[in-house]
Amino acid sequence: MAPSAGPQSSPRFRSWLRSRRRPLAVLLVGCLGGALAAARAAADARGLDESIDSTQVSATSRWFKGNLHTHTLNSDGDSTPDEVVRWYREHGYDFLVLTDHNFLTGVDGLNAVQGAPGKFLVVKGEEVTSAVGRKPIHVNGFGVDRLVDPPQAGTVVEMLQGMVDAIRGARGVPSINHPNFGWAISAEELAAVQRTKLFEVYNGHPLVNNLGGGGVPGLEEVWDRILSGGRMLYGVAVDDAHHFKRPWDRTASTPGHGWVFVQAPALEPRALVEALERGAFYSSTGVELAVVEATSVAVRVEVTPATASKYRIQFIGRGGRVLREVAGSSASYEFAGDEGYVRAKVLESNGAVAWTQPVPVGPGAPR
Ligand SMILES: [Zn+2]
Ligand SMILES: [Zn+2]
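Residues numbered from 1 in each chain as written. Chains lettered and ligands numbered in written order. Predicted model: local features only at pLDDT ≥ 70, side-chain atom pairs only at ≥ 80, totals over all residues.

Notes on the nonpolar core
Within the largest apolar cluster, 87 residues are counted, with the highest numbers of intra-cluster contacts made by Val 123, Leu 160, Val 262, Leu 272 and Leu 276. With seven residues, the single largest contributor to this core is helix H5 (residues 156–169). For Leu 160, the contacting residues outside a window of four places in its chain are Ile 137, Val 139, Ile 176 and Val 193. (Core = buried A, V, L, I, M, F, W, Y, C linked by C-beta atoms within 7 Å. Buried ≥ 20, exposed ≤ 12 C-beta atoms within 10 Å, placed from the backbone. Helix = DSSP H or I, 4+ residues; strand = E, 2+ residues; numbered from the N terminus. Contact = placed C-beta atoms within 7 Å.)

In structure tokens form, the structure reads like this:
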């Protein structure tokens, strides 16, 4: 938010069984081989590409909860890096990316004091921040190894591309932020940016217009338009937290609104950002998933139900069409083969949402 989202394989097979606190091997033993064999057999039967990318499945992978977008006193946040990190560590997160505006907040001292191997990690990041005319253009760089200066550019697309490329040049993973903040980035402009896979489908700041309005599409519609046009994008949910001292203030950008669960082999910066670029994560504003599974034939999700909540699960394909909706806390969708892509959305009865990442299906699938 103002001073107030690489190269990607499209795995045919991904099995994401969530298990944060125990080894995934426990859940996968006995079922992984069977699932692979079944997926192969089904793929054969359908004449689909039978290649199974089993590198996506690791017996040692775990799910890690993290916030990807956070400010401190090093830009326009109201708290020290130490206070900010403490908030996330004490509220059940496994990792946190610090993304001050045009400032690379150091993380070594924070990790020395608050980090714990396999339990909590602070990842270096920067919100590369500029504007084109009155339009704010902000791109996060996760895991950058040095400060990235915003480029000079005359158009929104040139600015976004310049930021993405500069972040890549610093070995970071780019993520395009809050496209509807200041109504800055259209769906067409977002679709035109190359060499990036991540964008914010949800940002917790109160002024970012996630849902669109006045004729401008909301970010889920933007996402579906771009996917339907053949371009793969993964949607992250983030806090964009600035304010930790006035949790009662609804005009403040407070923490705890949007996060990701990433499946990675280790709680290490490179493992986390590479998993994000593979789409090995889901995004949430309060729904927790027990199972997220995608094979070459189907997608399946299972919610970890919260007491007294009820759920709807939608499977969404080309054009944003709801292919199937299920009332309940678990559901699966078997591909017909011409959907283009399939992504799942879980809607909780108090407004919380989880979004899984799109799986490419059939001709014209996003790449
Ligand atoms: Zn921003
Ligand atoms: Zn921000």
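Overview of the environment of Ile 176
Mapping Ile 176 onto the fold places it in strand E6 (residues 173–176). With 24 C-beta atoms counted inside 10 Å, the residue Ile 176 sits in the buried group. Distance from Ile 176 to Val 193, taken between C-alpha atoms, is 9.6 Å for residues 17 residues apart in sequence.

Brief notes about the pairing of strand E7 (residues 198–203)
Working note: regular strand, side chains alternate between the two faces of the sheet. Among the six residues of E7, six are classified as buried, and the element is accordingly described as predominantly covered. Of the strand pairs in this sheet, E6 and E7 are connected by two bridges, and their pairing is parallel. Note on E7: the bridge partner recorded for Ile 176 is Phe 199. Of the crossover connections in this fold, the one passing from E6 over helix H6 (residues 187–192) to the parallel E7 is right-handed. When E7 meets strand E8 (residues 234–238), the two strands line up parallel, connected through five bridges. Bridging across to E8, Leu 198 finds its partner in Tyr 234. Tracing the backbone out of E7, into helix H7 (residues 219–228) and back to the parallel element E8 gives a crossover that is right-handed. (Pairing = 2+ DSSP bridges. Right-handed = clockwise from strand over helix to strand, strands pointing away.)

So, unusual backbone geometry
Positive phi outside glycine occurs at Asp 240, with the angle close to 55°. With respect to the helices, strands and loops of the structure, Asp 240 is situated in the loop between E8 and strand E9 (259–264). On the basis of neighbour counts, which here come to 30 C-beta atoms within 10 Å, the residue Asp 240 falls in the buried class.

Details of helix H8 (residues 269–278)
For H8, a buried count of seven out of ten residues is recorded, marking the element as mostly surrounded by other parts of the structure. Within the sequence span of H8, burial applies to Pro 269, Leu 272, Val 273, Ala 275, Leu 276, Glu 277 and Arg 278.

Remarks on helix H3 (residues 81–89)
When we look at burial in H3, the residues that qualify are Pro 81, Val 84, Val 85, Tyr 88 and Arg 89. Looking down the long axis of H3, one finds its buried residues gathered within 135° of arc, a one-sided arrangement. In this structure, the buried residues of H3 make contact with strand E2 (62–67), strand E3 (95–101), helix H4 (108–114) and strand E4 (121–132). (Arc of directions from axis to C-beta.)

Regarding the environment of Gly 169
Among the structural elements, Gly 169 can be located in helix H5. Sequence separation between Gly 169 and Arg 146 is 23 residues, and the spatial gap between their C-alpha atoms is 9.5 Å.

Overview of the environment of Ala 280
Among the secondary structure elements, Ala 280 is positioned in the loop between H8 and strand E10 (281–284). As for Ala 280 and Val 262, which are separated by 18 residues in sequence, their C-alpha atoms are 6.0 Å apart.

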